[in-house]
Amino acid sequence: HSQPLFLPQKKKKNKRKKMDSVRLKYVKLGYAYLVNNFLRLLLVPIMWASTVEVLRMGPEEILAVLGSSAGHLDRIQILFFLLLVVFIFTVYLMSKPRPIYLVDYALYKPSPVWRVPFSTFMEHSRLNRPYSPKSVEFQMRILERSGLGEETCLPPAIHYIPVEPTVEAAHEEAETVIFTTIDDLLSKTGVKPRDIDILIVNCSLFSPTPSLSAMVINKYKMRSNIKSFSLSGMGCSCSPISVDLARDLLQIQPNSYALVVSTEILTPNYYQGKERAMLLPNCLFRMGCAAILLTNKSKEKNRAKYQLMHVVRTHKGSDEKAYRCVYQEEDPEGKVGISLSKDLMSIAGEALKSNITTIGPLVLPASEQLLFLLSLISRKIFHPNGKPYIPDFKQAFEHFCIHAGGRGVIDQLQKNLELSPAHVEASRMTLHRFGNTSSSSLWYELGYIETKGRMKKGDRVWQIAFGSGFKCNSAVW
Amino acid sequence: MEQNQKNTTSPSVKVHSVLTIVSGTPVRKGSVCPLSPLDHAMAHHSLHLIFYYSCGSFDLDRIRPPLNDVLSLYPIVTGRLARDGDGNWHVKCTDAGVRTYLANADVSIDEWLRFAGADDERLLSPWEDLPDDPHIWSPFRIQITEFEGGGTAVGLSCPHMLADPTSATLLIKSWTEALHHEPIAHPPLLHPLALKPPPATTTSITSPVYYAAKSTRSEPKKSPKMASATFCFLDSAIKKSLSEIQSTFPDATPFDLLVALFWTRIARVKRSTWDQTPSMSFCMDIRRRLQDPLPDGFFGNALHFSQLKVGAHELECGDLCNVAELVHCHVAGLDLQDEFWSAVDWLGSRKDGHGKFASPFRMYGPELTCVNMEHMIPDESESEPFMYMTQFVKGQKPVHVSCHVGNSEGEGLILVLPSPEGGLARRVAVMLPEEEMDRLVEDKVILSLEPTFLLSGRM
């Protein structure tokens, strides 16, 4: 009965808090504007003063000033000065990295014939492991909390009881998935296979001989002097790695097209045992593929969708725990699977912090960097245990593509980077519709943002991927 | 056991792969298909259809996508059986899919069609009993068996609770229509409440009494070993016999003729075991015969069982004309509207205090039962019967379609089926105890109609 007395006070407190936060927001905006445009703001009064000065002096006075200063120098010195300017300008132009453009990309949409509803997954799990009901229940719990929807797909071999993961089936999956996507990309862009100069295929878990890149070259009859690479074993974060490799190659090879194919072939990797740590990939990984066409050709600048700004790669492999976090090994029964350690989330958080520390200075506006520096100094000197200041990346990027590794990963990153639900919607929807498609998930998310009409000219995108190793890689477009 | 002669070695069918075919679009979560009282009454039996094709490719990559499309229309087929709050069966539309078996047979299809028996046909569709806990058991199962040298059999098995022969046939027909990108001619109507009985009008109804008698009949201690054979009668033979009868009884149909023929001949074969007034149970599809007809696509059980009692002398004297007339009058004169609804009403009233239906009893048999499948011939005379319109390869209709009902052993089961020849041609699949069947296939009167034999076992 003393309660009613408290409530209005609480309401007042909340109202005050709201007003405070609104005021704070405006202060922050004002501060950001001030710091980011500092130089411009400084330039305005200088320009104004010199214009006033020039207007005050007549044209004859200006000529007189110029003539007096020119008289102190003779022709050779002027020529030398001009040559120096030209030289510096040339050096600047030559050392500037070539701009890398993303002409277009294509995504693989699996046929609904290979759809895996939750109930079918559970039945197969039970029928394949008749003596391990506990592991079946575990898988169901994972699936229910995973954020996956009912339209995700698994390759044909996994629909059989028992699963028949033959090499032939893996090849068939690779061919269907990769060729369909590349066909789509080539027809979208109008580029011919013979024009491709660099080919990079990344698929972590299936590495046949001849390689998947050889398979693509064989099918599309690409040129014999093509530079091809097949990256395997590099986990879900391999897409920015492939893009980085393409970028480096495009720096030394002018006027070229690079085709990057990012996929994961699931057929050989269905875990048939009952170790809990190894059952997660079965529940989360689904079919997907993305094919991306990159180029340094200046003629593509007009129709290219994105320009690559930065790629930042962070590797925590030197830390033993991080290295063993995602590990492929045999279980006590001899069945091969990928074991995920319980520390996965914390290790991912650490890797993200490293990545942010490197990428921050490259992308954040001056205001955020200054704040971060100030908070760092204050933490070092005054409050050693204070919370670190998390820069507001929403000022640096309009769109975020967070690897759809699982609902936990997206939740954690949303919290760490203080993102709104709208920012992580692309990741959540990709996870729901396609599942964890490993390295290609970043591209599905980008596709989602484009389909929703939210991508506008000049928008900046941050793709963050995590993977075994433990790696955290980012690409900024 | 190895035999020397080829036609006495039992053929073997080996299942090499099992997979699950799902529907293309997800089912609305939590939806449920309830079952009607008539569906519950059929719980004792299972239904098995086998479609035989003599050639053509049944590559899974070609036939699987259309089934994936069609299953989106049949959430009851991809669901799983479960008990509802009252303890009755219903189908939870869990979207789990249809279990599919791929098999190989080590004989050619021609050999199979000549020499295989009922036991062998069991190998062509997945016969599985309803388990105690059916939540991961696929009620609808498909088997695709490849024969040596070409030829394929597509088998479909399901509990009779969920589908009758018409529904099962139209499911396969929809599959083949989707395969050729044709519109689905009979989309399924999944609404068991369409079977809600209107108030009964007449008082002289016999069905509830008949069904009650069936329910109280005790199970025979030992089911006799049954044998089966299919008699294929040509259009010309039927026409000739029919004209002989029609001189006395002009309204005779091929069904009347064939029932009369087989009833009289089976009576003769059974003479030693005949000890009561002979009666025949008739099972017929009621979709088109109701006052408010149900569409053919109605998915579920829409069957009615009725009983015709005749005097023993009628059968013994062997006068086909007389018996045909009796059969015709029974079938045509049946006030199906009232009889059917009162039967359904009676079945619906068999509930205990908690609303659970009483346990099911034998609907097919154990008395001599005749199933009329002529309704599968659409009214337009140019059309094929439904089961023969299922073309997996364009232009390749099945060479034969078998229908089996599980748990129907007893005095015998006669199925009068349409024939791919069309017209008045018919195929009669008969299941009788073994010794009686041996005598029936040599019966002179039947042989006078020059039938050819299919699936008659090793004889």
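In the nomenclature of an unreviewed UniProt entry, chain B corresponds to Shikimate O-hydroxycinnamoyltransferase from the organism Opuntia streptacantha. The Sequence similarities (unreviewed entry) field of the UniProt record for chain B holds the comment "Belongs to the plant acyltransferase family."

An unreviewed UniProt entry annotates chain A as very-long-chain 3-oxoacyl-CoA synthase of Opuntia streptacantha. Turning to chain A, the UniProt record has this under Sequence similarities (unreviewed entry): "Belongs to the thiolase-like superfamily. Chalcone/stilbene synthases family." The UniProt entry for chain A carries the following text under Catalytic activity (unreviewed entry): "a very-long-chain acyl-CoA + malonyl-CoA + H(+) = a very-long-chain 3-oxoacyl-CoA + CO2 + CoA".

Caption draft 1: Just the overall build of chain B, in detail. What chain B contains, in helices and strands, is 14 helices and 16 strands. Scaling as 2.2 N^0.38, a compact globule of 459 residues should have a C-alpha radius of gyration of about 23 Å, and chain B matches this with 22 Å. Put simply, of all contacts in chain B between residues at least 6 apart along the chain, 78% involve residues at least 24 apart. Carbon and sulfur atoms make up 52% of the accessible area of chain B, which totals about 18800 Å². Across chain B, 41 positive and 57 negative side-chain charges occur, with their mean positions spaced 4 Å apart.

Caption draft 2: Highlighting the overall build of chain A. In terms of regular secondary structure, chain A is built from 16 helices and twelve strands. Seen through its C-alpha atoms, chain A measures out along the principal axes to roughly 100 × 85 × 40 Å. Looking at chain A residue by residue over its 477 residues, the buried ones come to 46%. For chain A, restricting intrachain contacts to residue pairs at least 6 apart in sequence, the fraction spanning at least 24 positions comes to 79%. Put simply, chain A has 60 plus and 42 minus side-chain charges, and the middle of one group is 8 Å from the middle of the other.

Caption draft 3: Spotlight on the pattern of salt bridges. Residue and element names in this part refer to chain A. Per the counting criterion, the structure on display carries 33 salt bridges over all chains. R460 serves as the salt-bridge partner of E398, at 3.1 Å between the closest nitrogen and oxygen. Here R460 lies in the loop between α16 (441-451) and β11 (461-467) and E398 lies in the loop between α13 (366-381) and β10 (399-402), a separation of 62 residues in the sequence. Judged by relative accessible area, E398 falls into the partly exposed class, the value being 31%. Classification of R460 as partly exposed rests on a relative accessible area of 33%. What you see here is one network of salt bridges that share partners, running through D104, K305 and E450.

Caption draft 4: Fine view of the UniProt feature "transmembrane region" (unreviewed entry) in chain A. Residues and elements named next belong to chain A. Annotation from UniProt places "transmembrane region" (unreviewed entry) at residues 26-48 and 76-94. The distance separating the terminal C-alpha atoms of residues 26-48 is 28 Å; by composition the span is 96% helix and 0% strand. For residues 76-94, the helix share is 100%, the strand share is 0%, and the end-to-end C-alpha distance is 27 Å.

Caption draft 5: Examining the domain arrangement of chain B more closely. Residues and elements named next belong to chain B. Domain annotation of chain B identifies domain 1 (13-195) and domain 2 (206-386 + 406-454). Here domain 1 and domain 2 have C-alpha centroids that lie 25 Å from each other. At the interface, 44 residues of domain 1 touch 39 residues of domain 2. Summed over both sides, the interface of domain 1 with domain 2 buries roughly 3600 Å², with 64% coming from carbon and sulfur. For the interface between domain 1 and domain 2, the tally reads two salt bridges. Taking the shortest distance from any N to any O, the salt bridge between D119 and K225 comes out at 3.4 Å.

Caption draft 6: Geometry of the confidence of the model for chain B. All names here are of chain B. Chain-level pLDDT for chain B is 86 on average; 92% of the residues reach the 70-or-more range. Mean pLDDT per element in chain B: helix α10 (residues 312-316) is the minimum at 78, and strand β8 (residues 152-159) is the maximum at 95. Of the regions scoring below 50 in pLDDT, residues 1-7 engages in five contacts with residues more than four places distant in sequence or in other chains. Two numbers describe this predicted complex: its pTM, 0.87, and its ipTM, 0.87.

Caption draft 7: Here's a closer look at the UniProt feature "domain: FAE" (unreviewed entry) in chain A. With numbering matched to this structure, UniProt assigns "domain: FAE" (unreviewed entry) to residues 92-380 of chain A. What you have in residues 92-380 of chain A is 43% helix and 19% strand, and the ends, taken at the C-alpha atoms, are 38 Å apart.

Caption draft 8: Structural detail: the interface of chain B and chain A. Taken together, the 24 residues of chain B in the interface contact 18 residues of chain A. Buried area between chain B and chain A, both sides added, is near 1700 Å², and the carbon and sulfur share of it is 51%. Looking at the side of chain B facing chain A, the largest losses of area belong to V22, R64 and I136 of chain B, adding up to 28% of the total buried there. Applying the counting criterion to the chain B and chain A interface returns four salt bridges.

Caption draft 9: Region of the structure containing a nonpolar patch on the surface. On the surface, F38, L39, L42, L43, I46 and M47 of chain A cluster together into a nonpolar patch covering about 650 Å² of accessible area. For M47 of chain A, the position within the fold is in helix α2 (residues 38-56).

Caption draft 10: Inspection of the sheet that holds strand β6 (residues 98-108) of chain B at higher detail. Residue and element names in this part refer to chain B. Strand order across the open sheet formed by six strands is β1-β6-β7-β8-β3-β13, with mixed pairing between neighbours. Strand pairing shows two members of the sheet lacking a second neighbour, β1 (13-21) and β13 (400-406), which therefore form its edges. On average, each strand axis in the sheet is tilted by 20° relative to the strand beside it, whichever way the strands run. Pairing geometry for β6 and strand β7 (residues 141-148), over seven bridges, is parallel. Across the sheet, A103 pairs through a bridge with T145, a residue of β7.

Caption draft 11: Region of interest: the packing of aromatic side chains. Inspection of the entire model under this criterion finds 28 aromatic pairs over all chains. Ring centres 5.0 Å apart and planes at 20° place the aromatic pair F397 of chain A and W462 of chain A in the stacked group. In this pair, F397 of chain A sits in the loop between α13 and β10 while W462 of chain A sits in strand β11, placing the two residues 65 residues apart along the sequence. Each member of the pair, F397 of chain A together with W462 of chain A, is buried. Looking at R324 of chain A, its charged tip hangs above the ring of Y327 of chain A, at a distance of 4.3 Å from the centre. The ring centre of W89 of chain B lies 3.8 Å from the NZ or CZ of R83 of chain B, which sits over that ring.

Caption draft 12: The arrangement of the environment of I449 of chain A in detail. All names here are of chain A. You can see I449 is positioned in helix α16. Judged by relative accessible area, I449 falls into the buried class, the value being 4%. Non-local contacts of I449, meaning those with residues more than four positions away in its chain, are made with H399, F400, C401, A426, R454 and M455.

Caption draft 13: Inspection of the sheet that holds strand β11 (residues 303-309) of chain B at higher detail. Residue and element names in this part refer to chain B. Pairing in this open sheet of seven strands is mixed, and the strands run β11-β10-β12-β14-β15-β9-β16 from one edge to the other. Each edge of the sheet is formed by a strand with only one pairing partner; in this case those strands are β11 and β16 (452-454). Mean inter-strand twist for the sheet, computed between neighbouring axes without regard to direction, equals 25°.

Caption draft 14: Molecular detail of unusual backbone geometry. Residues I161 of chain A and P162 of chain A are joined by a peptide bond in cis, for which omega reads -5°. By secondary structure assignment, the location of P162 of chain A is in the loop between α6 (133-145) and α7 (167-189). T209 of chain A connects to P210 of chain A through a cis peptide bond whose omega is -5°. Within the secondary structure layout, P210 of chain A lies in the loop between β2 (198-203) and α8 (212-220). Phi is positive for H181 of chain B, which is not a glycine, with a value near 55°. By the element assignment, H181 of chain B lies in the loop between α6 (165-179) and α7 (207-216).

About the cut-offs
- Numbering of residues starts from 1 in each chain and follows the order in which that chain's sequence is written.
- Lettering of chains starts at A and numbering of ligands starts at 1, both following the order in which they are written.
- Where totals are concerned, whole chains, interfaces and linings use all residues; where local detail is concerned, this predicted model gives features only for residues with pLDDT of at least 70, and gives and counts side-chain atom pairs only at 80 or more.
- As a rule here, side-chain values come from all non-hydrogen atoms in the structure, and water together with hydrogens is ignored.
- UniProt positions are given in the numbering used here, feature names are shortened, and annotations may be inferred rather than shown by experiment.
- By the criteria applied, helices consist of DSSP H or I runs no shorter than four residues and strands consist of E runs no shorter than two, each listed in order from the N terminus.
- The size measure is the radius of gyration over C-alpha atoms, and the globule rule it meets is 2.2 Å times the number of residues to the 0.38 power.
- We call two residues in contact whenever any of their non-hydrogen atoms come within 4.5 Å of each other.
- What sets the accessible areas is the Shrake-Rupley method with a 1.4 Å probe; for residues, cover comes only from the shown protein chains.
- Working convention for charge: Lys and Arg count positive, Asp and Glu count negative, and His plus the chain ends are omitted.
- For the purpose of locating charges, the reference atoms are NZ of Lys, CZ of Arg, CG of Asp and CD of Glu.
- Relative accessibility under 20% of the residue-type maximum defines a buried residue, over 50% an exposed one, and the middle range a partly exposed one, all with a 1.4 Å probe and only protein chains included.
- Within this document, salt bridges are pairs made up of a side-chain nitrogen of Lys or Arg and a carboxyl oxygen of Asp or Glu, the two lying within 4 Å of each other.
- As used throughout, domain bounds are those supplied by an automatic or database domain assignment.
- Using a 1.4 Å probe, buried area is obtained as the accessible area two parts lose upon being combined, added over both of them.
- Each residue carries a pLDDT value, the predictor's own confidence for that position, ranging from 0 to 100.
- Patches draw on residues past 30% relative accessible area with no salt bridge. Two like charges within 9 Å are joined, as are two nonpolar side chains (Val, Leu, Ile, Met, Phe, Trp, Tyr) within 5 Å.
- Whether two strands pair depends on DSSP finding at least two bridges between them.
- To define axes, lines are fitted to C-alpha atoms, for helices over the stretch in contact only, and angles between the resulting N-to-C directions are given on a 0 to 180 degree scale.
- Aromatic pairs are defined between Phe, Tyr and Trp rings, using the six-membered ring for Trp, whenever the two ring centres lie within 6.5 Å; interplanar angles under 30 degrees are classed as stacked, those over 60 as edge-to-face, and all others as tilted.
- Should the NZ of a Lys or the CZ of an Arg lie within 6 Å of a ring centre and within 35 degrees of the ring normal, that charge is described as sitting over the ring.

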